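Now for the letters of each chain:
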Amino acid sequence: MTDTAHPYLTDVGCAEAFLDKIADRDPTFLSVSEKRQALRMTAHLASRAQVMHARVMACADDVADADGSRDVAAWVAHRTHTAGPAARRLQRLGVACERRWHRVGRALAEGHVSLDQGHVMIAALDDLTDAFSLVEATAEEWAAMLARAETYLVEQAADFGPRELGRLAERLLEVVAPEWAEQVEEEQLRAAEHRARRRTTLGVKHLGDGSAIIRAQVPESVALRLSTLLESFTNPRRGDDAPATDGRRVPYERRLGEAFCSLLEAIDPTRLPLHGGDATTLVITMDLKALVEGLGSATLADGSRITAGEARRLACTAHLVPAVLGTRSVPLDLGHANRLFSPGQRKALAIRDKECRADGCTIPSTWCEAHHLNPWSAGGKTDLDNGLLLCSHHHHLIHDDRYLHQRMPNGDLRFTRRT
């Protein structure tokens, strides 16, 4: 560090130096009791370091603005090579502690509360805040109750872990304001349905072996509806598994998974909303010979590979658009005659770019907009060489005079705010 460095950076540099010193030491030969202590101490250290990071993220909006990033979490994920969801979750914690839940923030900073406990407490306090409309109380009374709830959770964190704190939070109002608990309970089912909708998520993780894990959190009514639909493709469960046609036992979970695949293939795409500028379709790129003979492989829009035989099967059962190399079935270069990119061009751009071409942005291609590198109004052609995909945020940014952008060697765009 230089002599002119801010004291904060100087102290962080000292912490880095101490970590370097610790890294040179081998914990292998610690005794059992010493390893037990080391486990507690390193977990405590890691949690506090993450809290410090969250505090910086809470006040670093100007960094994201200066570099044209969507937000601080996006900047951190790209520049530090960390996972985007983890960065965003940490940003939410830092902002919540900085702007509202100061007792929790102070307990986290001082190391009295772990990072996981902090996430649970913030979620519980936010849920309690949402319940204000369910009670007949003044804003001052509710603010005092929230202060009691925050203090109570911080005190309980000394004895209970994240899971136990979550259970305590479910009955938090009965502890800090029993006079309102019955009134809130009358609306409990309605509030639970609201929270379920707000927490609805679905994620797809590609395993790299031809399969993927789909994980979803949905309202109970939606889960029941899905189960009912899946059981229309398979017999209702009569045991842990059911016999296959060859006498083997097929686990019920596998039968449900196969039913889910059948359900997706049975969906009528003409009844779905437009997606990526065109009706919802599955785009597959493959050689004409492979499509005809069913030999070889094909590429999906996200870069995944499937066999040509599977592509031919999908062509018979699903709403599939083959981007067949070697044919002229879809016009890809329309020149200057057309200002807007055609649906066929949008598919080709999605196959090529896969996601927003702004440096570090991971918004998928189906959410992006086609942009003319050389503006159409200035004579630029509406063809693939003059087009690339940008998310809405970066598409606005490229037309913002406050920002400069440059093309990187890999074709991505890097944004910098003018000084």
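Residues numbered from 1 in each chain as written. Predicted model: local features only at pLDDT ≥ 70, side-chain atom pairs only at ≥ 80, totals over all residues. Heavy atoms only, no water.

1. Looking at the overall build of the protein chain
Then step 1. For the protein chain, the count of helices and strands is 18 helices and 14 strands.
Then step 2. Within the protein chain, counting contacts between residues at least 6 apart in sequence, those at least 24 apart form 52% of the total.
Then step 3. By element, 55% of the accessible surface of the protein chain is carried by carbon and sulfur atoms, the whole surface being about 27,000 Å². (Helix = DSSP H or I, 4+ residues; strand = E, 2+ residues; numbered from the N terminus. Contact = heavy atoms within 4.5 Å. Areas by Shrake-Rupley, 256 points an atom, 1.4 Å probe, with all protein chains shown as cover.)

2. Here we look at the side chain of Gln91
Then step 1. Along the chain, Gln91 falls in helix H5 (residues 84-99).
Then step 2. When neighbours within four sequence positions are excluded, Gln91 is seen to be in contact with Met57, Asp61, Asp71, Val72 and Ala73.

3. Description of the layout of surface pockets
Then step 1. Taken as a whole, the second largest pocket spans an internal volume of roughly 1,900 Å³.
Then step 2. Ala123, Asp127, Arg195, Arg198 and Arg199 are the residues nearest the centre of the second largest pocket, which is lined by 45 residues in total.
Then step 3. Broken down by secondary-structure element, the contributors of at least two residues to the lining of the second largest pocket are H5, helix H7 (115-130), helix H9 (162-170), helix H10 (172-176), helix H11 (178-185), helix H12 (188-198) and strand S2 (212-217).
Then step 4. Classifying every residue of the lining of the second largest pocket by side-chain character gives 20 nonpolar, seven polar and 18 charged. (1 Å grid on protein atoms, 1.4 Å probe; cavity = no way out; pocket = protein on both sides within 12 Å on 5 of 7 lines; lining within 4 Å. Points joined across faces, edges and corners; volume = space filled by probe spheres on them. Nonpolar A, V, L, I, M, F, W, Y, C, P; charged D, E, K, R; others polar.)

4. Observations concerning the nonpolar core
Nonpolar side chains in soluble globular proteins tend to end up buried together.
Then step 1. In terms of nonpolar packing, the biggest core is built from 42 residues, with Val104, Met145, Leu153 and Trp180 touching the most fellow members.
Then step 2. When contributions to this core are tallied by element, the ones reaching two or more residues are helix H2 (32-58), helix H4 (72-80), H5, helix H6 (102-109), H7, helix H8 (139-156), H10 and H11.
Then step 3. Discounting chain neighbours no more than four positions away, the residues touching Trp180 are Val135, Glu136, Ala137, Glu141, Trp142, Met145 and Leu173.
Then step 4. Among the nonpolar cores identified, the runner-up in size contains 18 residues, and Leu349, Leu390, Ile398 and Leu413 belong to it. (Core = buried A, V, L, I, M, F, W, Y, C linked by side-chain atoms within 4.5 Å. Buried < 20%, exposed > 50% of the residue type's maximum accessible area, 1.4 Å probe, protein only.)

5. Points about the pairing of strand S13 (residues 403-407)
Then step 1. In this structure, S13 lies alongside strand S14 (residues 413-417), joined through five bridges in antiparallel fashion. For Arg407, the partnering residue across the bridge sits in S14 and is Leu413. (Pairing = 2+ DSSP bridges.)

6. Focus on the pattern of salt bridges
Then step 1. Counted under the stated rule, the structure contains 14 salt bridges.
Then step 2. Salt-bridge contacts for Asp65 lead to Arg417; the nearest nitrogen and oxygen are separated by 2.2 Å. Here the residue Asp65 occupies a position in helix H3 (residues 61-67), and Arg417 occupies one in strand S14, the gap between them amounting to 352 residues.
Then step 3. Residue class for Arg417 comes out partly exposed when judged on its relative accessible area of 29%.
Then step 4. Notably, a salt bridge pairs Arg199 with Asp127, separated by 2.6 Å at the nearest N-O pair. Of this pair, Arg199 sits in the loop between H12 and strand S1 (201-206) while Asp127 sits in helix H7, and the two are 72 residues apart along the sequence.
Then step 5. It is possible to trace a salt-bridge network through shared partners that takes in Asp127, Asp130, Arg198 and Arg199. (Salt bridge = Lys/Arg side-chain N within 4 Å of Asp/Glu carboxyl O.)

7. Some points on the packing of H5 against H7
Then step 1. Following both chains from N to C, one finds H5 and H7 inclined at 65 degrees, their axes separated by 11 Å at the closest point. Relative to H7, H5 is oriented roughly perpendicular. Every pair of crossing elements has a handedness; the one defined by H5 and H7 is left-handed. On the side of H5, the interface is formed by Arg89, Leu90, Leu93, Ala96 and Cys97, while H7 contributes Leu115, Gly118, His119 and Ile122.
Then step 2. Per-class residue counts for the contact of H5 with H7 are six nonpolar, two polar and one charged. (Axes fitted to C-alpha atoms, helices over the stretch in contact; angles between N-to-C directions. Parallel < 35°, antiparallel > 145°, perpendicular 65-115°, else oblique. Left-handed = near helix turned anticlockwise from the far one by under 90°.)

8. A closer look at helix H14 (residues 252-266)
Residues that lie three or four places apart on an α-helix share one face, since the helix turns once every 3.6 residues.
Then step 1. For H14, spanning 15 residues, the distance from its first C-alpha to its last is 21 Å, which sits close to the expected 21 Å at 1.5 Å a residue.
Then step 2. Taken residue by residue, H14 has Tyr252, Arg255, Ala259 and Leu263 as its buried positions. Buried positions in H14, seen along its axis, are confined to an arc of 85 degrees and lie on one side of it. (Expected span 1.5 Å × (residues − 1). Arc of directions from axis to C-beta.)

9. Description of the pairing of S2
Then step 1. Inspection of the sheet shows S1 paired to S2 by six bridges, in the antiparallel sense. Paired with Val204 across the strands is Ile214, a residue of S2.
Then step 2. Between S1 and the antiparallel strand that follows it, S2, lie five residues; Gly208 among them carries a positive phi value of about 80 degrees.

10. Concerning unusual backbone geometry
Then step 1. Positive phi is not limited to glycine here, since His81 has a value of about 60 degrees.
Then step 2. Even without a glycine there, the phi angle at Lys354 is positive, about 70 degrees.
Then step 3. Position of Lys354 relative to the elements: it lies in the loop between helix H17 (343-353) and strand S11 (369-372).
Then step 4. Of the residues examined, Lys354 reaches a relative accessible area of 36% and is grouped as partly exposed.

As far as function goes, none of this settles anything; it's purely spatial.
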